[in-house]
Amino acid sequence: MSCVISLTNKSESVASLCSADPDLATAINKIGELTYAPYVDSFHFLVDTIVGQMLSNKVADVISSRLALKCDGHISVDMLSKLSLMDFQSIGISKNKAKSIIGLADFIRQKPEYFGVLQYMSDGDVVKSLTSLYGIGTWTAKMYLIFVLNRQDVLPFEDGAFLQAYRWLYRTSNLSPAAIIERCNCWHPYASISSRYLYRILDMGYTKYPSVYDLDKELVFQR
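Since the structure is predicted, the reported quantities are computational estimates derived from the model, not experimental observations. (Residues numbered from 1 in each chain as written. Predicted model: local features only at pLDDT ≥ 70, side-chain atom pairs only at ≥ 80, totals over all residues. Heavy atoms only, no water.)

*Asks:* Before we go on, may I ask you to explain the overall build of the chain in this structure?
*Replies:* Of the regular secondary structure elements, the chain holds 13 helices and two strands. At 19 Å, the chain has a C-alpha radius of gyration in line with the 17 Å of a compact globule built from 223 residues. Dimensions of the chain, computed from the C-alpha atoms along their principal axes, are close to 55 × 40 × 35 Å. Counting only residues that meet the buried cut, the chain has 45% of its 223 residues in that class. A separation threshold of at least 6 residues defines the contact pool for the chain, and within that pool the share at least 24 residues apart is 65%. In the structure as shown, the chain presents an accessible area of about 11800 Å², 53% of it carried by carbon and sulfur atoms. Separation between the mean location of the 22 positive side-chain charges and that of the 22 negative ones in the chain comes to 5 Å. (Helix = DSSP H or I, 4+ residues; strand = E, 2+ residues; numbered from the N terminus. Rg over C-alpha atoms; globule rule 2.2 N^0.38 Å. Buried < 20%, exposed > 50% of the residue type's maximum accessible area, 1.4 Å probe, protein only. Contact = heavy atoms within 4.5 Å. Areas by Shrake-Rupley, 256 points an atom, 1.4 Å probe, with all protein chains shown as cover. Lys, Arg positive; Asp, Glu negative; His and termini not counted. Charge placed at Lys NZ, Arg CZ, Asp CG, Glu CD.)

In C-alpha coordinates, the structure reads:
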(Lines give C-alpha, C1' and ligand atoms only; values in the text may rest on other atoms or scores of the structure.)
Protein backbone atom coordinates (compact mmCIF):
# COMPACT_ATOMS: atom_id res chain seq x y z
CA MET A 1 0.00 0.00 0.00
CA SER A 2 1.38 3.40 -0.99
CA CYS A 3 1.99 6.02 1.66
CA VAL A 4 0.14 9.33 1.48
CA ILE A 5 2.37 12.38 1.17
CA SER A 6 1.16 15.78 2.37
CA LEU A 7 2.69 19.08 1.31
CA THR A 8 2.09 22.42 3.04
CA ASN A 9 3.78 25.81 3.09
CA LYS A 10 5.98 24.45 5.88
CA SER A 11 7.36 21.64 3.69
CA GLU A 12 10.94 22.27 2.60
CA SER A 13 10.12 21.80 -1.09
CA VAL A 14 7.07 24.09 -1.02
CA ALA A 15 8.84 26.80 0.97
CA SER A 16 11.69 26.74 -1.55
CA LEU A 17 9.32 27.04 -4.50
CA CYS A 18 7.32 29.87 -2.93
CA SER A 19 10.51 31.79 -2.27
CA ALA A 20 11.75 31.30 -5.83
CA ASP A 21 8.54 31.86 -7.83
CA PRO A 22 5.97 34.50 -6.81
CA ASP A 23 3.39 33.43 -9.41
CA LEU A 24 3.56 29.82 -8.31
CA ALA A 25 3.52 30.91 -4.66
CA THR A 26 0.21 32.70 -5.21
CA ALA A 27 -1.30 29.54 -6.66
CA ILE A 28 0.14 27.36 -3.91
CA ASN A 29 -1.26 29.62 -1.20
CA LYS A 30 -4.69 29.43 -2.81
CA ILE A 31 -4.55 25.63 -3.24
CA GLY A 32 -3.41 24.97 0.31
CA GLU A 33 -2.39 21.50 1.41
CA LEU A 34 -1.63 19.08 -1.40
CA THR A 35 -1.76 15.35 -0.76
CA TYR A 36 -0.90 12.49 -3.07
CA ALA A 37 0.14 8.85 -3.03
CA PRO A 38 2.62 7.35 -5.53
CA TYR A 39 1.27 4.47 -7.62
CA VAL A 40 2.35 1.06 -6.37
CA ASP A 41 1.42 -1.06 -9.42
CA SER A 42 4.04 -0.10 -12.00
CA PHE A 43 2.71 -2.39 -14.71
CA HIS A 44 -0.88 -1.21 -14.39
CA PHE A 45 0.28 2.41 -14.39
CA LEU A 46 2.23 1.98 -17.62
CA VAL A 47 -0.66 0.17 -19.30
CA ASP A 48 -3.07 2.97 -18.35
CA THR A 49 -0.56 5.58 -19.50
CA ILE A 50 -0.12 3.89 -22.87
CA VAL A 51 -3.90 3.71 -23.26
CA GLY A 52 -4.19 7.41 -22.42
CA GLN A 53 -1.59 8.66 -24.90
CA MET A 54 -3.07 11.50 -27.00
CA LEU A 55 -6.52 11.07 -25.43
CA SER A 56 -8.56 13.22 -23.05
CA ASN A 57 -8.73 11.95 -19.48
CA LYS A 58 -12.43 11.21 -19.89
CA VAL A 59 -11.96 9.04 -22.98
CA ALA A 60 -8.88 7.34 -21.50
CA ASP A 61 -10.81 6.45 -18.34
CA VAL A 62 -13.62 4.87 -20.38
CA ILE A 63 -11.21 2.74 -22.40
CA SER A 64 -9.20 1.75 -19.32
CA SER A 65 -12.43 0.63 -17.65
CA ARG A 66 -13.27 -1.50 -20.69
CA LEU A 67 -9.83 -3.07 -20.57
CA ALA A 68 -10.23 -3.83 -16.87
CA LEU A 69 -13.51 -5.61 -17.64
CA LYS A 70 -11.74 -7.67 -20.30
CA CYS A 71 -9.27 -8.68 -17.59
CA ASP A 72 -11.93 -9.59 -15.00
CA GLY A 73 -11.12 -6.45 -13.04
CA HIS A 74 -7.39 -7.01 -12.69
CA ILE A 75 -4.81 -5.60 -15.10
CA SER A 76 -1.88 -7.98 -14.92
CA VAL A 77 0.76 -9.56 -17.14
CA ASP A 78 -1.06 -12.89 -17.13
CA MET A 79 -4.49 -11.45 -17.91
CA LEU A 80 -3.28 -9.21 -20.72
CA SER A 81 -1.31 -12.03 -22.28
CA LYS A 82 -4.59 -13.83 -22.95
CA LEU A 83 -5.88 -11.00 -25.14
CA SER A 84 -5.41 -10.73 -28.89
CA LEU A 85 -4.89 -7.60 -30.96
CA MET A 86 -8.54 -7.82 -31.96
CA ASP A 87 -9.59 -7.92 -28.30
CA PHE A 88 -7.77 -4.66 -27.69
CA GLN A 89 -9.11 -3.01 -30.84
CA SER A 90 -12.67 -4.05 -29.99
CA ILE A 91 -12.63 -1.76 -26.94
CA GLY A 92 -11.10 1.24 -28.71
CA ILE A 93 -7.37 0.65 -28.27
CA SER A 94 -5.38 1.24 -31.44
CA LYS A 95 -3.26 -1.47 -33.03
CA ASN A 96 -0.02 0.31 -32.14
CA LYS A 97 -1.04 0.79 -28.51
CA ALA A 98 -2.16 -2.83 -28.30
CA LYS A 99 1.21 -3.98 -29.66
CA SER A 100 2.94 -1.80 -27.07
CA ILE A 101 0.89 -3.25 -24.20
CA ILE A 102 1.37 -6.83 -25.39
CA GLY A 103 5.10 -6.20 -25.82
CA LEU A 104 5.33 -4.75 -22.33
CA ALA A 105 3.54 -7.75 -20.84
CA ASP A 106 5.88 -10.14 -22.65
CA PHE A 107 8.90 -8.15 -21.50
CA ILE A 108 7.85 -8.13 -17.85
CA ARG A 109 7.08 -11.84 -17.96
CA GLN A 110 10.67 -12.43 -19.02
CA LYS A 111 12.12 -9.84 -16.61
CA PRO A 112 9.86 -9.71 -13.53
CA GLU A 113 12.56 -7.86 -11.61
CA TYR A 114 12.54 -4.94 -14.07
CA PHE A 115 10.46 -2.46 -12.07
CA GLY A 116 12.46 -3.15 -8.94
CA VAL A 117 15.64 -2.31 -10.83
CA LEU A 118 14.21 0.95 -12.20
CA GLN A 119 13.79 2.46 -8.76
CA TYR A 120 17.57 2.46 -8.25
CA MET A 121 18.37 4.13 -11.57
CA SER A 122 18.94 7.83 -12.18
CA ASP A 123 16.13 9.81 -13.82
CA GLY A 124 17.97 9.85 -17.12
CA ASP A 125 18.63 6.11 -17.07
CA VAL A 126 14.97 5.39 -16.24
CA VAL A 127 13.90 7.43 -19.26
CA LYS A 128 16.48 5.70 -21.46
CA SER A 129 15.39 2.26 -20.28
CA LEU A 130 11.65 2.81 -20.61
CA THR A 131 11.86 4.49 -24.00
CA SER A 132 13.77 1.50 -25.35
CA LEU A 133 10.48 -0.42 -25.09
CA TYR A 134 8.12 -0.33 -28.07
CA GLY A 135 5.49 2.40 -27.84
CA ILE A 136 6.87 4.11 -24.74
CA GLY A 137 8.12 7.64 -25.24
CA THR A 138 9.58 10.38 -23.10
CA TRP A 139 6.17 11.59 -21.92
CA THR A 140 5.25 8.16 -20.55
CA ALA A 141 8.68 7.78 -18.94
CA LYS A 142 8.37 11.17 -17.20
CA MET A 143 4.90 10.31 -15.94
CA TYR A 144 6.41 7.14 -14.47
CA LEU A 145 9.18 9.12 -12.79
CA ILE A 146 6.73 11.54 -11.21
CA PHE A 147 3.75 9.38 -10.32
CA VAL A 148 5.32 5.99 -9.57
CA LEU A 149 8.91 6.65 -8.48
CA ASN A 150 8.04 10.01 -6.88
CA ARG A 151 11.16 11.66 -8.28
CA GLN A 152 11.27 15.28 -7.23
CA ASP A 153 12.87 17.15 -10.12
CA VAL A 154 11.13 16.16 -13.35
CA LEU A 155 9.84 18.83 -15.75
CA PRO A 156 7.06 17.33 -17.93
CA PHE A 157 6.91 19.93 -20.68
CA GLU A 158 5.65 17.25 -23.07
CA ASP A 159 2.38 16.94 -21.15
CA GLY A 160 -0.73 18.73 -22.40
CA ALA A 161 -2.26 19.27 -18.96
CA PHE A 162 0.99 20.73 -17.65
CA LEU A 163 1.20 23.08 -20.65
CA GLN A 164 -2.38 24.27 -20.19
CA ALA A 165 -1.77 25.23 -16.57
CA TYR A 166 1.66 26.68 -17.35
CA ARG A 167 0.21 28.90 -20.10
CA TRP A 168 -2.40 30.24 -17.71
CA LEU A 169 -0.15 30.71 -14.67
CA TYR A 170 2.53 32.64 -16.53
CA ARG A 171 0.22 34.31 -19.07
CA THR A 172 2.34 33.21 -22.01
CA SER A 173 1.91 31.63 -25.42
CA ASN A 174 5.55 30.59 -25.66
CA LEU A 175 5.44 26.89 -24.88
CA SER A 176 8.73 25.88 -26.45
CA PRO A 177 10.78 23.44 -24.35
CA ALA A 178 13.66 25.92 -24.23
CA ALA A 179 11.43 28.72 -22.88
CA ILE A 180 9.83 26.44 -20.29
CA ILE A 181 13.17 25.07 -19.12
CA GLU A 182 14.51 28.61 -18.72
CA ARG A 183 11.38 29.87 -16.94
CA CYS A 184 11.22 26.88 -14.60
CA ASN A 185 14.90 26.72 -13.76
CA CYS A 186 14.04 28.34 -10.42
CA TRP A 187 11.99 25.25 -9.53
CA HIS A 188 15.11 23.08 -9.23
CA PRO A 189 15.33 20.67 -7.42
CA TYR A 190 11.54 20.41 -7.02
CA ALA A 191 10.17 20.60 -10.56
CA SER A 192 7.92 17.58 -9.97
CA ILE A 193 6.34 19.25 -6.94
CA SER A 194 5.66 22.39 -8.97
CA SER A 195 4.14 20.24 -11.69
CA ARG A 196 1.80 18.61 -9.19
CA TYR A 197 0.56 22.06 -8.21
CA LEU A 198 0.01 22.94 -11.87
CA TYR A 199 -2.06 19.79 -12.30
CA ARG A 200 -4.07 20.77 -9.24
CA ILE A 201 -4.69 24.20 -10.79
CA LEU A 202 -6.57 22.43 -13.59
CA ASP A 203 -8.38 20.09 -11.22
CA MET A 204 -9.69 23.03 -9.22
CA GLY A 205 -10.87 24.94 -12.28
CA TYR A 206 -8.65 27.94 -11.73
CA THR A 207 -7.96 28.45 -15.44
CA LYS A 208 -11.51 29.83 -15.79
CA TYR A 209 -10.16 33.00 -14.20
CA PRO A 210 -8.11 35.55 -16.16
CA SER A 211 -5.03 35.03 -13.98
CA VAL A 212 -3.83 33.59 -10.70
CA TYR A 213 -4.17 37.05 -9.16
CA ASP A 214 -7.92 37.09 -9.84
CA LEU A 215 -8.70 33.98 -7.79
CA ASP A 216 -9.81 35.91 -4.73
CA LYS A 217 -12.01 38.35 -6.62
CA GLU A 218 -15.76 37.80 -6.63
CA LEU A 219 -16.09 37.57 -10.39
CA VAL A 220 -18.68 35.59 -12.30
CA PHE A 221 -17.60 33.83 -15.48
CA GLN A 222 -19.75 32.16 -18.05
CA ARG A 223 -18.72 28.61 -18.83
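Additional details are given in the paragraphs that follow.
*Asks:* Would you mind showing me how to read the environment of Gln119 here?
*Replies:* In this structure, Gln119 sits in the loop between α8 (114-118) and α9 (123-130). Discounting chain neighbours no more than four positions away, the residues touching Gln119 are Leu149 and Arg151.

*Asks:* What am I meant to see in the packing of helix α3 (residues 42-52) against helix α4 (residues 57-70) here?
*Replies:* To describe two helices that pack against each other, one gives the angle between their axes and the distance between the axes. In the contact formed by α3 and α4, the axes pass within 9 Å of each other and the chain directions differ by 130°. Relative to α4, the element α3 is oriented oblique. α4 is crossed by α3, and the crossing has right-handed handedness. Here Val47, Asp48, Val51 and Gly52 of α3 come into contact with α4, specifically with Ala60, Ile63, Ser64 and Leu67. (Axes fitted to C-alpha atoms, helices over the stretch in contact; angles between N-to-C directions. Parallel < 35°, antiparallel > 145°, perpendicular 65-115°, else oblique. Left-handed = near helix turned anticlockwise from the far one by under 90°.)

*Asks:* What's the story with the packing of α3 against helix α10 (residues 138-147) in this structure? I'm lost.
*Replies:* Their axes nearest at 10 Å, the elements α3 and α10 cross at an angle of 140°. Relative to α10, the element α3 is oriented oblique. Remark: the crossing between α3 and α10 carries right-handed chirality. Residues Ser42, Phe45, Leu46 and Thr49 of α3 lie in contact with α10, whose contacting residues are Trp139, Thr140, Met143, Tyr144 and Phe147.

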